[in-house]
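Residue-level listing of the chains:
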Amino acid sequence: MDDDKREPEEIAGSQSHRGSVSVGKTIRLLEAVIKQIGIDGKVEAFEDSEIVKIVIDSNGENPALGLLIGKHGETLDAIQTIANVVLRREGDKRKVFVDAEQYRKRRESILREIAERAAEKAIHTGRSVLLRPMNSYDRRIVHLELCNNKSVYTESEGEEPNRKIRVIPKEQ
Amino acid sequence: MKELLEMLAKAIVDEPDQVKVSAVEGEKSIILQLSVSPNDIGKVIGKQGRIAKAIRTIIKASAVKEGKKVIVEIID
């Protein structure tokens, strides 16, 4: 493994699709990470002024893919945490989202379904429903799913890593 | 794995030259000892250990192919 002694500009310019220096540096680190996990793949970034979406694309079937995502996406979340730190250190305040094999998209639809089901239950029983602990990314999806719901509202309670969402029926 | 830990640590500290990783390898497990500059300890641990946890999770994923249990210790 080569030491990172090169100038950021050099890294950023070394490959195509690298808009900014901060993103180039992040991609390079993630490339090394997936290689070490045993995945032959590509790391690409799609960025706008607010977010940087990094997609890890593996070449075909790969038994190591499960490792990359981890249980409930914990490895992907860990990679995302580090990616956010690296970007912020470069003075880039945008938020990074890391995805592989459309895991996030699949997870998002599952979370939305959980949210809707909890809302239905809260409305039906007239009592609040407490969801299992979730990380901040997952909670955000649930909050957003229900923020326009006329019959329920959501609140987070407890401390990380056991912070949970409560789905509460609105008084009619 | 050792290189990966070194690389992750170097990417998030202010004094990458001070990053050192030593490995103690047993039959079934590897202990990786990470030491960084005292000024950078907080950076590799993070609020409520978030960064340390993320580093451990990534290292664990990379250790699966070697079939060994890996423990990451942060030394101060």
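Predicted model only: the values in this text are computed from it and were never measured. (Residues numbered from 1 in each chain as written. Chains lettered and ligands numbered in written order. Predicted model: local features only at pLDDT ≥ 70, side-chain atom pairs only at ≥ 80, totals over all residues. Heavy atoms only, no water.)

1. Here we look at the interface of chain A and chain B
Counting residues at the interface gives 19 residues for chain A, matched by 22 residues for chain B. Taken over both partners, the interface formed by chain A and chain B buries close to 1900 Å², and the fraction arising from carbon and sulfur atoms is 69%. Considering only the surface of chain A that becomes buried against chain B, A:Gln36, A:Ile82 and A:Arg89 emerge as the three largest contributors, covering 31% of it. Across the chain A-chain B interface, the total number found is one salt bridge. A salt bridge links B:Asp14 to A:Arg89; the nearest nitrogen and oxygen atoms lie 3.0 Å apart. For the side of chain A that touches chain B, the secondary-structure elements that each account for two or more residues are α2 (21-37) and α4 (74-89) of chain A. Residue contributions to the side of chain A that touches chain B peak at nine residues, all from α4(A). Considering only residue class, the side of chain A that touches chain B consists of 11 nonpolar, four polar and four charged. (Contact = heavy atoms within 4.5 Å. Buried area = accessible area lost by both parts, 1.4 Å probe. Salt bridge = Lys/Arg side-chain N within 4 Å of Asp/Glu carboxyl O. Helix = DSSP H or I, 4+ residues; strand = E, 2+ residues; numbered from the N terminus. Nonpolar A, V, L, I, M, F, W, Y, C, P; charged D, E, K, R; others polar.)

2. A few points about unusual backbone geometry
Residue and element names in this part refer to chain A. Note that the residue after Glu-160, namely Pro-161, is joined by a cis bond; omega there is 0 degrees. Along the chain, Pro-161 falls in the loop between β5 (152-157) and β6 (164-169). Even without being glycine, Glu-101 reaches a positive phi, approximately 50 degrees. Within the fold, Glu-101 resides in the loop between β3 (95-100) and α5 (103-125).

3. Comments concerning the side chain of A:Asp99
Residue and element names in this part refer to chain A. Within the element layout of this structure, Asp-99 appears in strand β3. Put simply, Asp-99 is tucked away with no salt bridge, and the nearest opposite charge, on Arg-104, sits 4.8 Å away. Separated by 2.9 Å, the side chain of Asp-99 and the backbone nitrogen of Arg-104 make a polar contact. Each residue touching Asp-99, except ones within four places of it in the same chain, is listed here: Ile-54, Val-55, Ile-56, Leu-76, Arg-104 and Lys-105. (Buried < 20%, exposed > 50% of the residue type's maximum accessible area, 1.4 Å probe, protein only. Lys, Arg positive; Asp, Glu negative; His and termini not counted. Polar contact = N/O pair within 3.5 Å; in protein donor to acceptor, adjacent residues only side chain to side chain.)

4. Quick notes on the pattern of salt bridges
Going through the model one piece at a time under the given rule, you end up with 15 salt bridges over all chains. Of the charged contacts, one joins A:Asp77 and A:Arg104 as a salt bridge, the two residues approaching to 2.8 Å between their closest N and O atoms. Of this pair, A:Asp77 sits in helix α4 while A:Arg104 sits in helix α5, and the two are 27 residues apart along the sequence. Each member of the pair A:Asp77 and A:Arg104 is classed as buried. Beyond isolated ion pairs, a larger network of salt bridges with shared partners links A:Arg89, B:Asp14, B:Asp40 and B:Lys43.

5. What to know about the sheet that holds β3(A)
Residues and elements named next belong to chain A. Pairing in this open sheet of three strands is mixed, and the strands run β1-β2-β3 from one edge to the other. Since the sheet does not close on itself, it has two edges, and those belong to β1 (41-47) and β3, each with one partner. Each strand of the sheet is rotated relative to its neighbour by a mean of 20 degrees, with strand direction disregarded. Strand direction decides the pairing type here: strand β2 (residues 51-58) and β3, joined by six bridges, are parallel. Considered in β3, the bridge of Val-55 is made with Asp-99. In the packing of α4 onto the sheet, contacts are made with β2 and β3, and the angle to β3 comes to roughly 150 degrees. (Pairing = 2+ DSSP bridges. Axes fitted to C-alpha atoms, helices over the stretch in contact; angles between N-to-C directions.)

6. Points about the confidence of the model for chain B
In the predicted model, chain B carries a mean pLDDT of 93, and 100% of its residues have values of at least 70. Both scores are given for the predicted complex: the pTM is 0.77, the ipTM 0.93. (pLDDT = per-residue confidence, 0-100.)

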